[in-house]
Amino acid sequence: MEKITTIFLSIIFSLFLLEIILSFTPLKKKIYKGFPINYYEKNSDYGYDIKKNTKNFNHLIGKGEYKYNIWGNKLGCFDDKNFNIDDGYILSMGDSTSWGYTSNNTRWNNLLEKKIDYPVLSCGVSGFSTKQELMKTKRIINELNKMPKIIILQYSFQNDLFEDSLFPFYTIKYGQLSITKEYKSYTTGKIQKINKSKLQRRIRIYLRSHSYLYNLLDNFFYTLKKKNKKTVPNKKSIVERVNVAYPWNTINYLDPQKYDWVRLKWDNHLHNLSEFKHFADINNIILYIVYIEEIREIYHMLKNFNKLSDLFIKNNTSIIKNFFYDNSIPFLDLEDEIYKLFNIERKYFTKHPLRGDKIDLVWIQDGHYNTKGNKIIAELIYQDLVGKNFLFNLKE
């Protein structure tokens, strides 16, 4: 018994000593991965939202590539407006690209505001779906008691359908975003809840926030898992381990003509977009879409899926674009314009085409647009709004 106790204490001491040593390494700047605890709060209507009137939090990009302050204002938006909107405003909604993976002053929303000299209220929320964006839009307008002149809705092909189909995809557990459910089968569309013990969640959150060693091991196993996912699994493992074998947003690439449940999910998603358009029309608001396709991801997914014969796969981007055209919804195909700007061919890439020495528009360790990328986005949106004559009567 004494020997076991000695071994146990030796292990504890060694781990404690290792934590101290790691605290003097660059890992100290990378200890927290993800959003700060209590930046979000639970919302009974649409799952979660940015907590209102929060203090400044430090947010890290990737594993410490970029650090900046984030907060929530009185509307639950990452914005510092004083709400002097007597002459009107533009409301910017969307997911992570709209929320901004860069500092407040270097986000495309604020850069656009400076270019047009007109308030742009930035209320995007990372991880939001179309339905959540519509519900938050209505809440904000109701609280402000004033309609915006334009709603800029940033739409992500990779996110919006998928997260609408599992609405709400996230909730808040112990101050952090937590996934609520996932697909158990892509042939039937069966959904299962994700259940983790309360103790397990609490321990994991504590270790992520305080332990250098835990984060070091977590990063190592995450990288290992990511490398293993690049290999195409056999059919048996696909059927048995659907969420390991397939990417998280596989529904986006399933042929809705082959799967009734997928078609119904698309119908519901397009209905949410129709509701957004109807809300804008009856209130005399211009609904303007910033459409993000993530071209590299699409080519990558389709190439890998073509090696699998058990699912019917299709490039469904035309569904969304045709919906915009058919319903007279003006939109900017953002990545298409960026590719044209830098003479990038639409094809399969082994590496991100917007990341590198010559074209450096996204974070190395994350994939979201960096400060330079946000500057390009602001300029392209500005030029398109001017070209569509949407800015002419803003101040009248």
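On a predicted model such as this, the values are computed, not experimentally measured, just so you know.

> Please provide a residue-by-residue account of the pattern of salt bridges, values included.
Note on pairing: side chains with opposite charge can pair once their charged atoms come close. Under the definition given, this model contains 13 salt bridges. In this structure, Lys-115 engages Glu-379 in a salt bridge whose closest nitrogen and oxygen atoms are separated by 2.8 Å. Highlighted residues: Lys-115 in helix α3 (residues 108-116) and Glu-379 in helix α14 (residues 371-387), separated in sequence by 264 residues. Lys-115 gets classed as partly exposed once you look at its relative accessible area, which sits at 39%. Two residues, Asp-333 and Lys-321, come together in a salt bridge whose shortest N-O distance is 3.0 Å. You can see Asp-333 sitting in strand β13 (residues 331-333) and its partner Lys-321 sitting in helix α12 (residues 317-326), a full 12 residues away along the chain. For the pair shown, Asp-333 and Lys-321 are each scored as buried. Salt bridges sharing common partners tie together Asp-49, Lys-52, Lys-136, Arg-139 and Glu-143.

> Which residues make up the state of the cysteines, and what values go with them?
Applying the stated criterion to the full structure yields one disulfide. What pairs with Cys-77 in a disulfide is Cys-123, and their sulfur atoms sit 2.0 Å apart. With the S-S bond torsion at 95 degrees, the cross-link from Cys-77 to Cys-123 turns out right-handed. Of this pair, Cys-77 sits in the loop between β4 (66-72) and β5 (90-93) while Cys-123 sits in the loop between β6 (120-122) and α4 (130-144), and the two are 46 residues apart along the sequence. The pair formed by Cys-77 and Cys-123 is uniform in burial state, with each residue classed as buried.

> Which residues make up the environment of Glu-113, and what values go with them?
Take Glu-113: it is sitting in helix α3. Residue classification places Glu-113 among the buried residues on the basis of a relative accessible area of 18%. Through-space distance from the C-alpha of Glu-113 to that of Tyr-382 is 9.5 Å; in sequence the pair is 269 residues apart. Discounting residues that sit within four places of it in the chain, Glu-113 has contacts with Lys-81, Tyr-118, Pro-119 and Val-120.

> I'd like a description of a nonpolar patch on the surface, backed by residues and values.
On the surface, Ile-7, Ile-11 and Leu-15 cluster together into a nonpolar patch covering about 260 Å² of accessible area. Residue classification places Leu-15 among the partly exposed positions, given a relative accessible area of 39%.

> Residue-level account of helix α10 (residues 260-282), with values.
Under the 1.5 Å per step criterion, the end-to-end length of α10 is 33 Å for 23 residues, consistent within 8% with the ideal 33 Å. Taken as a whole, α10 has its buried residues at Trp-261, Val-262, Trp-266, His-269, Leu-270, Asn-272, Leu-273, Phe-276, Lys-277, Phe-279 and Ala-280. Buried residues along α10 sit in contact with α4, β7 (150-156), α5 (160-165), β10 (181-183), β12 (286-292) and α12. Just downstream of α10, Asn-284 is the residue with a positive phi angle, here 60 degrees.

> I'd like a rundown of the packing of α10 against α12, residues and numbers included.
Orientation of α10 relative to α12, taken along the N-to-C sense of each, is 35 degrees, at an axis distance of 12 Å. Crossing of α10 over α12 shows right-handed handedness. Along its contact with α10, which presents Trp-266, His-269, Leu-270, Leu-273 and Ser-274, the element α12 presents Ile-319, Ile-320, Phe-323 and Phe-324. Looking at side-chain class alone, the contact of α10 with α12 contains seven nonpolar, two polar and no charged residues.

> Tell me about the packing of α3 against α14, and please be specific about residues and values.
With their axes 8 Å apart at the nearest point, α3 and α14 run at an angle of 45 degrees to one another. On the basis of their axis angle, the class for α3 and α14 is oblique. Handedness of the crossing formed by α3 with α14: right-handed. Every residue of α14 that contacts α3 at Trp-108, Leu-111, Leu-112, Lys-115 and Ile-116 is listed here: Asn-374, Lys-375, Ile-377, Ala-378, Glu-379, Ile-381, Tyr-382 and Leu-385. For the contact of α3 with α14, the per-class residue count stands at nine nonpolar, one polar and three charged.

Parameters at a glance
Residues numbered from 1 in each chain as written. Predicted model: local features only at pLDDT ≥ 70, side-chain atom pairs only at ≥ 80, totals over all residues. Heavy atoms only, no water. Salt bridge = Lys/Arg side-chain N within 4 Å of Asp/Glu carboxyl O. Helix = DSSP H or I, 4+ residues; strand = E, 2+ residues; numbered from the N terminus. Buried < 20%, exposed > 50% of the residue type's maximum accessible area, 1.4 Å probe, protein only. Disulfide = S-S within 2.5 Å. Contact = heavy atoms within 4.5 Å. Patch = residues over 30% accessible without salt bridge, like charges linked within 9 Å, V, L, I, M, F, W, Y side chains within 5 Å. Areas by Shrake-Rupley, 256 points an atom, 1.4 Å probe, with all protein chains shown as cover. Expected span 1.5 Å × (residues − 1). Axes fitted to C-alpha atoms, helices over the stretch in contact; angles between N-to-C directions. Left-handed = near helix turned anticlockwise from the far one by under 90°. Nonpolar A, V, L, I, M, F, W, Y, C, P; charged D, E, K, R; others polar. Parallel < 35°, antiparallel > 145°, perpendicular 65-115°, else oblique.

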